[in-house]
Amino acid sequence: MSLSMPDVGLAVGNAAQAATISPLALFLQADIVVKVVMLGLLLASIWTWAMIIGFSFTLRKASRQSRAFEQDFWKAEDIDRFYEGRGKAEFPAAKVMAAGVTEWRRSTAQKVIDREGTRDRLSTAMSSTIAAEMDRLSDRLNILATIGSVAPFVGLFGTVWGIMRAFTSIAAEQNSSLAVVAPGIAEALFATAIGLFAAIPAVIAYNRFSHGINRMESGLTRFADGFYSTLSRELETQR
């Protein structure tokens with residue numbers, strides 16, 4: 001089937017219009033303010049994914065090491081020997097154990113042992129270590145929450161600015177045709193899309209990582225409670 005000249009011209013026009021609304025073309029045609037918004041949101045998106053990848057490895061590694069440490073600890077017959085061999089490692093469960101053993105040795109080194117005071121200090125030492133480790137692991141997690149909550153509004157600012165520019169073009173050219181309005185509207189919507197592209201992964205990752213942190217904290221608390229009970233029973237034999 002042959003195409004007439006008007007049909008060919010329409011096809012060429014549609015192809016040219018499609019090219020002008022490509023992501024790169026929308027960025028290049030955008031106003032300087034919208035360009036700054038787009039670049040900022042793109043950098044926020046790259047930062048978000050870098051944090052997601054890095055934090056995933058960190059949290060998974062810490063969880064795996066702590067679980068293996070706890071399993072081996074409860075199988076150990078001699079706590080002091082186990083501590084000397086593995087108690088100085090740099091992951092959460094080992095640090096909780098180290099805090100308990102250190103406080104135990106300090107408290108039981110006295111000539112007269114204060115049992116109730118020793119129990120209180122053991123509980124405080126291990127609880128403080130758990131809190132410190134959770135703070136360390138979640139140190140930069142608030143960045144994901146910030147990006148997730150702020151990025152849509154930054155994209156909305158770019159949208160509003162782009163729509164204002166579109167209406168300015170209409171007023172300047174005295175023409176409200178789609179050819180005049182479309183570029184500004186497309187730029188505005190593209191800014192919104194980039195904002196959502198940055199915000200959605202950040203929110204999902206923040207919720208997932210927060211859940212992982214809470215699970216690890218619960219596991220460490222159970223481990224500390226069990227270790228505390230063991231030391232408390234041992235304390236009864238001390239004179």
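Just so it is clear, the model here is predicted, and its values are computed rather than measured. (Residues numbered from 1 in each chain as written. Predicted model: local features only at pLDDT ≥ 70, side-chain atom pairs only at ≥ 80, totals over all residues. Heavy atoms only, no water.)

1. Remarks on the confidence of the model for the protein chain
For the protein chain, per-residue confidence averages 82 on the pLDDT scale, and residues scoring 70 or more make up 83% of the total. Of all helices and strands in the protein chain, the one with the weakest mean pLDDT is helix H1 (residues 5-20) (43), whereas helix H6 (residues 115-137) scores best (92). The low-confidence segment residues 1-19 (pLDDT under 50) makes two contacts with residues lying over four places distant or belonging to another chain. (pLDDT = per-residue confidence, 0-100. Helix = DSSP H or I, 4+ residues; strand = E, 2+ residues; numbered from the N terminus. Contact = heavy atoms within 4.5 Å.)

2. Section: the pattern of salt bridges
Side chains carrying opposite charge are able to pair once their charged atoms draw close together. Across all of its chains, the model carries eight salt bridges by this definition. Arginine 105 is the partner of glutamate 84 in a salt bridge, and the nearest nitrogen-oxygen pair spans 3.2 Å. With glutamate 84 in helix H4 (residues 79-86) and arginine 105 in helix H5 (residues 92-108), the pair connects residues that are 21 residues apart, well separated along the chain. With a relative accessible area of 46%, glutamate 84 lands in the partly exposed category. Put simply, glutamate 116 and arginine 119 hold a salt bridge, and the shortest N to O gap is 3.2 Å. Here glutamate 116 and its partner arginine 119 are both found in helix H6, three residues apart, which amounts to about one turn of the helix. The class for glutamate 116 is exposed, based on a relative accessible area of 52%. (Salt bridge = Lys/Arg side-chain N within 4 Å of Asp/Glu carboxyl O. Buried < 20%, exposed > 50% of the residue type's maximum accessible area, 1.4 Å probe, protein only.)

3. Examining the nonpolar core
Residues Phe69, Met97 and Phe209 are the most contacted members of the largest nonpolar core, which totals 49 residues. Residue assignment for this core shows that the elements contributing at least two residues are helix H3 (32-75), H4, H5, H6, helix H7 (141-173) and helix H8 (178-235). With 16 residues, H8 is the single largest residue contributor to this core. (Core = buried A, V, L, I, M, F, W, Y, C linked by side-chain atoms within 4.5 Å.)

4. Some thoughts on the packing of aromatic side chains
For any pair of aromatic rings, the description rests on two quantities: the centre-to-centre distance and the angle between the ring planes. The final tally for this structure, using the stated rule, is eleven aromatic pairs. Relative to phenylalanine 91, the ring of phenylalanine 69 lies with its centre 5.6 Å away and its plane at 75°, an arrangement referred to as edge-to-face. Here phenylalanine 91 lies in the loop between H4 and H5 and phenylalanine 69 lies in helix H3, a separation of 22 residues in the sequence. Given a relative accessible area of 10%, phenylalanine 91 falls into the buried group. Centre to centre, the rings of phenylalanine 73 and tryptophan 74 are 4.8 Å apart; their planes meet at 75°, and the pair counts as edge-to-face. Residue class for tryptophan 74 comes out partly exposed when judged on its relative accessible area of 44%. Through pairs of rings, three or more aromatic residues link up here, namely Phe69, Phe73, Trp74, Phe82, Phe91, Phe223 and Phe227. Here arginine 60 stacks its cationic end above the ring of phenylalanine 57, 6.0 Å away from the centre of that ring. (Phe/Tyr/Trp six-rings, centres within 6.5 Å; stacked < 30°, edge-to-face > 60°. Lys NZ or Arg CZ within 6 Å of the ring centre and 35° of its normal.)

5. Section: the side chain of arginine 119
Taking the relative accessible area as the measure of exposure, arginine 119 reaches 11% and is therefore buried. Among the polar contacts listed, one links the side chain of arginine 119 to the side chain of serine 232, at a separation of 2.8 Å. Leave out the neighbours within four places in its chain, and arginine 119 touches Tyr228, Ser232, Leu235 and Glu236. (Polar contact = N/O pair within 3.5 Å; in protein donor to acceptor, adjacent residues only side chain to side chain.)

6. Quick look at the packing of H5 against H6
As a packed pair, H5 and H6 sit with axes 9 Å apart at the nearest point and diverge in direction by 155°. One way to sum up the angle between H5 and H6 is to call them roughly antiparallel. At the point where H5 passes H6, the crossing takes the right-handed sense. Side by side, H5 and H6 meet where Pro92, Lys95, Val96, Ala99, Gly100, Glu103, Trp104 and Ser107 of the first sit next to Thr118, Arg121, Leu122, Ala125, Met126, Thr129, Ile130, Glu133, Arg136 and Leu137 of the second. Its residues assigned to classes, the contact of H5 with H6 shows nine nonpolar, four polar and five charged. (Axes fitted to C-alpha atoms, helices over the stretch in contact; angles between N-to-C directions. Parallel < 35°, antiparallel > 145°, perpendicular 65-115°, else oblique. Left-handed = near helix turned anticlockwise from the far one by under 90°. Nonpolar A, V, L, I, M, F, W, Y, C, P; charged D, E, K, R; others polar.)

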